[in-house]
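# A structural walkthrough
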Amino acid sequence: MDTQDLVDDLRRRGVETTRVELKSATGGVPKSLPETLSAFANTAGGPVLLGLDDDIQPVDIDVAAVRDALAGIASNSMDPPVRGAIEIEVIDDGNRIVRLDVE
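As the structure is a computational prediction, the values presented were derived from the model and not from experiment. (Residues numbered from 1 in each chain as written. Predicted model: local features only at pLDDT ≥ 70, side-chain atom pairs only at ≥ 80, totals over all residues. Heavy atoms only, no water.)

## Notes on the pattern of salt bridges
Overall, the coordinates contain seven salt bridges when judged by the stated rule. Where R11 meets D92, a salt bridge forms, and the shortest distance between an N and an O atom there is 2.7 Å. Of this pair, R11 sits in helix α1 (residues 3–13) while D92 is found in the loop between β3 (84–91) and β4 (95–102), placing the two residues 81 residues apart along the sequence. For R11, a relative accessible area of 25% puts it in the partly exposed group. Accessibility expressed as a relative area gives 27% for D92, which makes it partly exposed. The salt bridge partner of D101 is R99, with a shortest N-O separation of 3.0 Å. Residue classification places D101 among the partly exposed residues on the basis of a relative accessible area of 28%. Owing to a relative accessible area of 9%, R99 belongs among the buried residues under this scheme. Taken together, the shared-partner salt bridges connect D8, R11 and D92 into one network. (Salt bridge = Lys/Arg side-chain N within 4 Å of Asp/Glu carboxyl O. Helix = DSSP H or I, 4+ residues; strand = E, 2+ residues; numbered from the N terminus. Buried < 20%, exposed > 50% of the residue type's maximum accessible area, 1.4 Å probe, protein only.)

In structure tokens:
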């Protein structure tokens with residue numbers, strides 16, 4: 001699903017679902033992220049969106065730094081490594097977030 005459509009669907013529901021994880025990442029990649037990646041990798045997978053708060057609103061993050069840190073965690077800190085596309089996405093006409101689709 002397109003990232004904007006995914007975010008719009010979450011907003012209509014008013015909550016994140018068990019198949020999508022939101023993290024604000026305002027202070028960088030959250031410490032709980034490896035646990036989240038492991039849980040997604042060991043189930044059906046799904047998108048992890050960094051740069052959205054609990055109200056499903058974008059927050060200001062350094063998307064390049066978050067993307068690079070996320071890639072490092074997924075590749076080097078997980079055993080086995082977590083695979084999936086990591087992209088910087090634009091939502092709401094200009095807000096940038098990071099998306100990882102865990103396989």
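## Some points on the packing of helix α2 (residues 33–41) against helix α3 (residues 63–77)
As a packed pair, α2 and α3 sit with axes 11 Å apart at the nearest point and diverge in direction by 55°. Our classification of the angle between α2 and α3 gives oblique. Crossing handedness for the pair α2 and α3: right-handed. Across the interface between the two elements, L33, P34 and L37 from α2 touch L70, I73 and A74 from α3. In the contact of α2 with α3, the residues fall into six nonpolar, no polar and no charged. (Axes fitted to C-alpha atoms, helices over the stretch in contact; angles between N-to-C directions. Parallel < 35°, antiparallel > 145°, perpendicular 65-115°, else oblique. Left-handed = near helix turned anticlockwise from the far one by under 90°. Contact = heavy atoms within 4.5 Å. Nonpolar A, V, L, I, M, F, W, Y, C, P; charged D, E, K, R; others polar.)

## Digging into the environment of V66
Inspection of the secondary structure assignment puts V66 in helix α3. With sequence-adjacent residues up to four places away left out, V66 is seen in contact with A25, V29, L50, I61 and V98.

## Comments concerning the sheet that holds strand β1 (residues 21–23)
Pairing is mixed across the open sheet formed by four strands, whose spatial order is β1-β2-β4-β3. Each of the sheet's edge strands pairs with one partner strand only, and the pair in question is β1 and β3. Put simply, the sheet's adjacent strands are angled 20° from each other on average, direction ignored. Sheet contacts for α2: β1, β2 (46–50) and β4; angle to β2, the most-contacted strand, approximately 165°. Where α3 meets the sheet, its contacts fall on β2, β3 and β4, and the angle it forms with β4 comes to roughly 15°. (Pairing = 2+ DSSP bridges.)

## Section: the nonpolar core
Among soluble globular proteins, nonpolar side chains are generally buried collectively. Judged by nonpolar contacts, the single largest core of 17 residues is most densely connected at L37, V48, L50, L70, V98 and V102. Elements with a contribution of two residues or more to this core: α2, β2, α3 and β4. Top contributing element to this core by residue count: α3, with five residues. Excluding anything up to four places from it in sequence, V48 contacts E21, L33, T36, L37, F40, V98, R99, L100 and V102. One finds L10, V20, L49 and I56 within the second-largest nonpolar core, a separate group that totals ten residues. (Core = buried A, V, L, I, M, F, W, Y, C linked by side-chain atoms within 4.5 Å.)

Just distances and angles here, no functional claims.
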